[in-house]
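Spelled out from the first residue to the last, the chains are:
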Amino acid sequence: WYIVFAAAFLLFIRLGATSVFQVAEGRNAQCAAEMLGGDGIVPLFNGKLRTDKPPAHYYMMMLAYKVAGKSEGSARFFSAVAGLLLVMGTWLITSRHFSKKAANLSALVLLSAVHFLFQFRSATPDPFLILAHVFSLFAFWEGYASNNKKWYYAMYVMLGLAVFAKGPVGLVLPGA
């Protein structure tokens, strides 16, 4: 539990303390706000159709905006949740196939990576893509290790979620 606490602390502490500083973060946050004020389905940016990215992260931002109001922290909230899920999933799969010591070290190494913290504290679709890809690999590994087809189906579901998060790159990256 100390790893979950450390991950939550690092991912959520002062999440909204800095303004959106990347152009992509600002566009994504504004697009979600415009969707929330509109029909909730069609992605708009400055009143124009935005087809740059699939809408998964916009829906997450809209949910956070509804619960906590429109803010930088709300825009980034579900990215941090995705990071927490990734740390927990890494710990679970490693403890299942290796040992609790290896799981603790794996989760701590992941948490110590600056780019991990940067990605999972941003209002972009990348955290959702990363989570879906890593979980698809975990599902593949489980399917291979157990010879159980349900894990392969889970892998395909996760790859589908990767496409919903970032578009065709969700299949191109694992396919490559």
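The paragraphs below set out a description of the structure included in this document. What you see is a predicted model, and the numbers here were worked out from it, not measured in a lab. (Residues numbered from 1 in each chain as written. Predicted model: local features only at pLDDT ≥ 70, side-chain atom pairs only at ≥ 80, totals over all residues. Heavy atoms only, no water.)

1. Digging into the overall build of the protein
A count of helices and strands for the protein gives nine helices and two strands. Beginning at the N terminus, the succession of helices and strands in the protein can be written as α-α-β-β-α-α-α-α-α-α-α. Computed over its C-alpha atoms, the radius of gyration of the protein comes to 17 Å, within 12% of the 16 Å expected for a compact globule of 176 residues. For the protein, long-range pairs separated by at least 24 residues make up 67% of all intrachain contacts whose partners lie at least 6 apart in sequence. Element-wise, carbon and sulfur atoms account for 69% of the exposed surface of the protein, whose accessible area totals about 9700 Å². Side chains of the protein carry 15 positive and 7 negative charges; the gap between the two charge centres is 8 Å. (Helix = DSSP H or I, 4+ residues; strand = E, 2+ residues; numbered from the N terminus. Rg over C-alpha atoms; globule rule 2.2 N^0.38 Å. Contact = heavy atoms within 4.5 Å. Areas by Shrake-Rupley, 256 points an atom, 1.4 Å probe, with all protein chains shown as cover. Lys, Arg positive; Asp, Glu negative; His and termini not counted. Charge placed at Lys NZ, Arg CZ, Asp CG, Glu CD.)

2. Topic: the pattern of salt bridges
Pairs can form between side chains of opposite charge whenever their charged atoms are close. One pass over the structure, following the stated rule, counts three salt bridges. A salt bridge links Glu-142 to Arg-96; the shortest N-O distance between them is 2.9 Å. Taken together, the positions of Glu-142 in helix 7 (residues 126–146) and Arg-96 in helix 4 (residues 72–97) put the pair 46 residues apart, joining distant regions of the chain. Note on Arg-96: relative accessible area 56%, which makes it exposed. (Salt bridge = Lys/Arg side-chain N within 4 Å of Asp/Glu carboxyl O. Buried < 20%, exposed > 50% of the residue type's maximum accessible area, 1.4 Å probe, protein only.)

3. Description of the packing of aromatic side chains
Any two aromatic rings considered together are summarised by their centre-to-centre distance and by the angle between their planes. Counting across every chain of the model gives eight aromatic pairs. Positioned over the ring face of Phe-45 is Arg-50, at 6.0 Å from the centre of the ring. (Phe/Tyr/Trp six-rings, centres within 6.5 Å; stacked < 30°, edge-to-face > 60°. Lys NZ or Arg CZ within 6 Å of the ring centre and 35° of its normal.)

4. Observations concerning the nonpolar core
Ala-7, Leu-11, Val-87, Leu-111, Phe-116 and Phe-120 are the most contacted members of the largest nonpolar core, which has 19 residues in total. Going through the elements one at a time, helix 1 (2–12), helix 4, helix 5 (100–112), helix 6 (114–119) and helix 7 are the ones with two or more residues in this core. The element contributing the most residues to this core is helix 4, with six residues. In this view, Leu-11 contacts Ala-80, Gly-83, Leu-84, Phe-116, Leu-117, Phe-120 and Arg-121; residues no more than four positions away in its chain are not counted. (Core = buried A, V, L, I, M, F, W, Y, C linked by side-chain atoms within 4.5 Å.)

Note that every value here comes from positions in space, so none of it alone points to a role or purpose.
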